[in-house]
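For reference, the chains in residue letters:
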Amino acid sequence: MRFSVNPITQNTYEIPENLDDSKTISEFLSKNKGKKVVVVQGLGFVGAVMSLVCANAASEEYAVIGVDLANENTYWKIRSINDGVFPLIANDPKIEIFFDKAKEKGNFLATYDPMAYKFADVIIVDINLDVQKTSSEHCTLMDFDVDMNGFEAAMTVIGQNCRENALILVETTVPPGTCENLVKPAIKRELEKRNLSFDQISLGHSYERVMPGPEYIDSIRCFPRVYSGIDDNSADIIESFLKTIIDIDQCQLTRLGHTNASEMAKVLENSYRATNIAFAVEWSRFAEEAGVDLYAIVDAIRVRKTHANLMFPGIGVGGYCLT
């Protein structure tokens, strides 16, 4: 027997040996007949909240299924959602409001069964992709590794189950070239094994800019969004979908020419932010040794318009994408 513990409620759940949740999924879809189905792969701090946003889309009624693995670290999230307890603690009141609305409508289900992908009109990929650091001191570029095996396995599962006309939208921060050189071949390979064509699949990338905190929900719904497709038709379909969940009256959608571009944009965006944070931290250490007030120095420099965005020092680089 394997168990998963909910760190919020301390409830302990036995992980089922038979990973067949087809009856629950069928009953859920029957109650949400006529609605387009959005399946979110990954119920972490991005996927769980993205699921809520989709379940409360302003201009479309979606049936939303969140999928995660049935292991010790993640199974509790599935049970928690279905037991009516959201698996994240945050100080954004909209999370509880959106979750209550989804429960009232009955249009949000969590499962461990990849069968859910069979019914998806839209599949959103919100799984993590970690960079592993092999040593903590005197690191070089060669001391870091991005293991793509787990990510490719997740794409393979989608390809083994998805419909041949599904939209697959990757939100994960990935190395440039991932959609073109890993996701597309994996999906195409598995579809061909099922005697299905890749030609009708829409595939693209639109990276998240999620900011956990008091504006958690709005960082998805009301924040500028960059997106791209592997072709123009994919990009058009992605744009149409995003317009149903993003408040375009408050934020703009920016299309880039290819998934390589939006994947690179996310890495560049993070790198720019991380470099500026690290820069300020290094100067704070130097200023402390020199016995001067760096905050006063930064204020003095900010008077110059070209340097008005110079950062104050903080506790260092933070946030999941920036660690």
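Above this text sits the structure in question.
For clarity, every value in this text was computed on a predicted model and none was experimentally measured. Each chain carries its own residue numbering, running from 1 in the direction its sequence is written. Under the rules for a predicted model, residues below a pLDDT of 70 receive no local features and side-chain atom pairs below 80 are neither given nor counted, while totals for whole chains, interfaces and linings still include all residues. Computation of side-chain values: all heavy atoms of the structure, hydrogens and water removed.

## As for the overall build of the protein
No. 1: Only DSSP runs of H or I covering at least 4 residues are called helices, and only runs of E covering at least 2 are called strands; the numbering of each starts at the N terminus. Looking only at helices and strands, the protein features 10 helices and 12 strands.
No. 2: Taking the principal axes of its C-alpha atoms as reference, the protein extends roughly 65 × 45 × 45 Å.
No. 3: The buried label applies to any residue whose accessible area, calculated with a 1.4 Å probe on protein chains only, is under 20% of its type's maximum; exposed applies above 50%, and partly exposed to all values in between. Split into buried and exposed, the 323 residues of the protein put 44% on the buried side.
No. 4: It only takes one pair of heavy atoms within 4.5 Å for two residues to be counted as in contact. Counting only contacts in the protein whose residues sit at least 6 apart along the sequence, the fraction spanning at least 24 positions is 76%.
No. 5: Accessible surface for the protein amounts to roughly 16800 Å². Of this, 53% is attributable to carbon and sulfur atoms.
No. 6: Once the 31 positive and 45 negative side-chain charges of the protein are each reduced to a mean point, those two points are 4 Å apart. Note on areas: Shrake-Rupley, 1.4 Å probe, and residue coverage restricted to the protein chains presented here. Under this rule, positive means Lys or Arg and negative means Asp or Glu; His and the chain ends count for nothing. Think of each charge as sitting on NZ of Lys, CZ of Arg, CG of Asp or CD of Glu.

## Section: the side chain of Ser-228
No. 1: As for its placement among the helices and strands, Ser-228 is situated in strand E11 (residues 225–229).
No. 2: A distance of 3.4 Å separates a polar atom in the side chain of Ser-228 from the backbone nitrogen of Thr-259.
No. 3: Setting aside chain neighbours within four positions, we find Ser-228 in contact with Gly-204, His-205, Ile-238, Leu-256, His-258, Thr-259 and Ser-262. Two N or O atoms form a polar contact when they lie within 3.5 Å of each other; inside protein one atom must be a possible hydrogen donor and the other a possible acceptor, and for residues adjacent in sequence the pair counts only when both atoms belong to side chains.

## Quick look at the sheet that holds strand E6 (residues 122–125)
No. 1: A sheet is described by the order of its strands in space; here 8 strands give the open sequence E5-E4-E3-E6-E9-E10-E11-E12, paired in mixed fashion. Strands at the two margins of the open sheet, each flanked by one partner only, are strand E5 (108–111) and strand E12 (253–255). Averaged over neighbouring strand pairs, the angle between their axes works out to 25° when direction is ignored.
No. 2: As paired elements, strand E3 (residues 36–41) and E6 share 4 bridges and run parallel to each other. In the strand pairing of E6, Gln-41 is matched with Val-125.
No. 3: Here an angle of 0 to 180 degrees is reported between the N-to-C directions of two axes, which are lines fitted to C-alpha atoms, with helices fitted over the stretch in contact. Against the sheet, helix H6 (residues 178–193) makes contact with strand E9 (167–170) and strand E10 (202–205), and its axis sits at roughly 150° relative to E10, the strand it touches most.
No. 4: Packed on one face of the sheet, helix H8 (residues 232–245) meets E3, strand E4 (62–67), E6, E9, E10, E11 and E12 and runs near 150° to E11. At least two DSSP bridges between two strands are required for those strands to pair.

## Some remarks on the pairing of E9
No. 1: Residues Leu-167 and Leu-169 line one face of E9 and the alternating positions Ile-168 and Val-170 line the opposite face, and both faces are buried.
No. 2: Bridge analysis of E6 against E9 gives 4 bridges, and the strand direction is parallel. Residue pairing for E9: Ile-124 is matched across the bridge by Leu-169.
No. 3: Sheet topology places E9 next to E10; 4 bridges connect them, and they run parallel. Each bridged residue has a counterpart across the sheet, and for Leu-169 the counterpart in E10 is Gly-204.
No. 4: By convention, orient the strands away from the viewer: a clockwise path from the first strand over the helix to the second makes the crossover right-handed. Read as a crossover between parallel neighbours, the route from E9 over H6 to E10 is right-handed.

## A word on a nonpolar patch on the surface
No. 1: Taken together, the side chains of Ile-8, Val-85 and Ile-89 present a nonpolar region at the surface, about 260 Å² in accessible area.
No. 2: Inspection of the secondary structure puts Ile-89 in the loop between helix H3 (75–82) and helix H4 (93–105).
No. 3: Residue classification places Ile-89 among the exposed residues on the basis of a relative accessible area of 73%. A patch consists of residues whose relative accessible area exceeds 30% and which take part in no salt bridge; residues with like charges are grouped when within 9 Å of each other, and nonpolar side chains (Val, Leu, Ile, Met, Phe, Trp, Tyr) when within 5 Å. Should a side-chain nitrogen of Lys or Arg be within 4 Å of a carboxyl oxygen of Asp or Glu, the pair is scored as a salt bridge.

## What to know about the environment of Val-174
No. 1: Counting through the fold element by element, Val-174 comes out in the loop between E9 and H6.
No. 2: For Val-174, a relative accessible area of 2% corresponds to the buried category.
No. 3: Along the sequence, Val-174 and Ser-262 sit 88 residues apart, while their C-alpha atoms lie 9.9 Å from each other.
No. 4: Not counting chain neighbours up to four residues away, the residues in contact with Val-174 comprise Leu-129, Phe-151, His-205, Glu-263 and Val-267.

## Overview of the pattern of salt bridges
No. 1: One pass over the full model with this rule turns up 15 salt bridges.
No. 2: Here Glu-190 makes a salt bridge to Lys-193, at a shortest N to O gap of 3.3 Å. Linking Glu-190 with Lys-193, this pair stays in helix H6, spanning 3 residues, or about one helical turn.
No. 3: Classification of Glu-190 as buried rests on a relative accessible area of 5%.

## Some details on the environment of Glu-282
No. 1: Position of Glu-282 among the secondary structure elements: in helix H9 (residues 259–290).
No. 2: The partly exposed category is assigned to Glu-282, whose relative accessible area is 47%.
No. 3: Sequence separation between Glu-282 and Gly-316 is 34 residues; the distance between their C-alpha atoms is 9.4 Å.

## So, the packing of H6 against H9
No. 1: Running from N to C, H6 and H9 point in directions that differ by 115°, and their axes come no closer than 8 Å. One finds that H6 runs roughly perpendicular with respect to H9. Contacts from Thr-178, Cys-179 and Glu-180 in H6 reach Thr-259, Asn-260 and Glu-263 in H9.
No. 2: Residue composition of the contact of H6 with H9, grouped by class: 1 nonpolar, 3 polar and 2 charged. Roughly parallel refers to an angle under 35 degrees, roughly antiparallel to one over 145, roughly perpendicular to one between 65 and 115, and oblique to any angle outside these ranges. Classification convention: Asp, Glu, Lys, Arg as charged; Ala, Val, Leu, Ile, Met, Phe, Trp, Tyr, Cys, Pro as nonpolar; all other residues, Gly among them, as polar.

## A word on unusual backbone geometry
No. 1: Positioned with a positive phi, Gln-10 is a non-glycine residue whose angle comes to about 65°.
No. 2: With respect to the element layout, Gln-10 can be found in the loop between strand E1 (2–5) and strand E2 (12–15).
No. 3: Residue Gln-10 is classed as exposed on the basis of its relative accessible area, which comes to 54%.
No. 4: Located in the positive-phi region is Asn-195, a residue other than glycine, with phi close to 60°.
No. 5: Mapped onto the fold, Asn-195 is located in the loop between H6 and E10.

From the geometry alone we can't say anything about function, so treat these as descriptive.
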